[in-house]
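Spelled out from the first residue to the last, the chains are:
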Amino acid sequence: MGVSFDKADGSLWLNFDVRPAANPTSDAARAAKLADPGFGRVFTDHMAVVRYNPTEGWHGARIESRANFALDPATAVLHYAQEIFEGLKAYRRDDGGVNLFRPDANARRFRNSADRMAMAPVPEPVFIEAVEQLVKIDRAWIPGGEGSLYIRPFTIANEVFLGVKPSAEYIFAVIASPVGSYFKGGPAPVSIWVSETYTRAAVGGTGAVKCGGNYAASLRAQAEAIERGCDQVVFLDAVEHRYIEELGGMNVFFVFDDGSLSTPPLGTILPGITRDSIIALAKEAGTAVREEPYTIDQWRADAASGRLKEAFACGTAAVISPIGKVCSAHGDFQINGGAAGEVAMGLRKKLVDIQYGRAADTHNWIRKVF
Ligand SMILES: *Cc1c(COP(=O)(O)O)cnc(C)c1O
């Protein structure tokens, strides 16, 4: 049972009651699943769960066997989508240890998301402890090589009430899913469809928040991208329909012939931790990085003139995906001849080497679980 959260020193006040699964997956069955996990369909044996109500605050922290939630049909999240989530990874180092990459940044963003969605914020030490405890108990599920364990923390509004108001009760949980290398045989360039019909976010909305509702609203546009033969959708701003914002779940960068980078400014886009890390690594290497608006027309013109050398998308799941082709109702154009670019691949290697502990962690981004 929790006591109180000491805001002064941020120390952990909640102890997780660890209850190992009675019937965990056998070594053989786990090995079979890890042989080709794909993305997001294979899950580990355990989950972290912490509950909130106004009288007890966050309480009942547990690591337990992964199981269904019993939800009343009138549970608030099922009707008004008061829900937020995070995504981060655990990486197996060559020495057998395990790294988390910037979990403090995820914890902070999760708090910001809770604030925007009028939800009880999970204290950052509780978020990190839940992630670490889950990684510890499900350590055998972390794939070797270029695979990783994708960790999905989330909070749902759990009050049983059909009135429209912030829920009084919440469930914070963390689940984990082993994932293979996102791209077999190196990152294949993706093609993207410029959505001129649908927008993702407007000023004052929830674009900067990792909430399920943003994703629900993006699916029609993503389906349109697939119909047009593209892999992903890229959204434009909601006011002028000119400025590039981001993909459905990834931020975007442009690489120019003078070696500089640009990326859309924060505001209505999701503040990606990969985006932030790329900016830091590029600047450290002496590369100019501008956070500035960039229009689809300028992109097309710069691709034609040769001023634009590369473009890439970035996020935790795929790290960096080169963009090879841009399609729109006003015609298609290629980038870097449709091939993966040197700058994107160089930044990708730098970042991945830090994540797997193969390069020095000069920014203090790594948290060793083991
Ligand atoms: C999660 C997410 C990103 C990438 O964020 P990372 O912290 O780099 O994983 C980008 N855009 C959207 C919409 C997202 O939900």
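Preceding this section is the structure that the text describes.
Residues numbered from 1 in each chain as written. Predicted model: local features only at pLDDT ≥ 70, side-chain atom pairs only at ≥ 80, totals over all residues. Heavy atoms only, no water.

A. Fine view of the nonpolar core. Within the largest apolar cluster, 51 residues are counted, with the highest numbers of intra-cluster contacts made by Trp58, Val135, Ile151 and Phe172. Among residues more than four places away in sequence, those in contact with Phe172 are Ala48, Val49, Val50, Trp58, Phe110, Val122, Val126, Phe127, Ala130, Pro153, Phe154 and Thr155. (Core = buried A, V, L, I, M, F, W, Y, C linked by side-chain atoms within 4.5 Å. Buried < 20%, exposed > 50% of the residue type's maximum accessible area, 1.4 Å probe, protein only. Contact = heavy atoms within 4.5 Å.)

B. View of the site of the ligand. Near the ligand lie 15 residues; those nearest to it are Lys210, Tyr215, Glu246, Thr274 and Thr316. Arg109 has a polar side-chain atom sitting 2.8 Å from an oxygen atom of the ligand. One nitrogen or oxygen atom from the side chain of Thr274 is found 2.6 Å from an oxygen atom belonging to the ligand. Expressed as a share of its isolated accessible area of 380 Å², the protein-covered part of the ligand is 97%. By residue class, the composition of the shell around the ligand is four nonpolar, seven polar and four charged. (Near = heavy atom within 4 Å. Polar contact = N/O pair within 3.5 Å; in protein donor to acceptor, adjacent residues only side chain to side chain. Areas by Shrake-Rupley, 256 points an atom, 1.4 Å probe, with all protein chains shown as cover. Nonpolar A, V, L, I, M, F, W, Y, C, P; charged D, E, K, R; others polar.)

C. Representation of the packing of aromatic side chains in the model. Counted according to the given criterion, the structure contains 16 aromatic pairs. On the basis of an interplanar angle of 80° and a centroid distance of 6.4 Å, the ring pair of Trp58 and Phe172 is categorised as edge-to-face. One end of the pair, Trp58, is in strand β3 (residues 57-65); the other, Phe172, is in strand β8 (residues 170-179), and 114 residues separate them in sequence. Taking relative accessible area as the criterion, Trp58 reaches 6% and is therefore assigned buried. Between Trp299 and Phe333 the ring centres are 5.9 Å apart and the planes differ by 80°, which places this aromatic pair in the edge-to-face class. Highlighted residues: Trp299 in helix α7 (residues 296-305) and Phe333 in strand β17 (residues 333-334), separated in sequence by 34 residues. The two residues Trp299 and Phe333 agree in class, both being buried. Members of the aromatic cluster, connected to one another through ring pairs, are Tyr52, Trp58, Phe110, Phe127, Tyr170 and Phe172. (Phe/Tyr/Trp six-rings, centres within 6.5 Å; stacked < 30°, edge-to-face > 60°. Helix = DSSP H or I, 4+ residues; strand = E, 2+ residues; numbered from the N terminus.)

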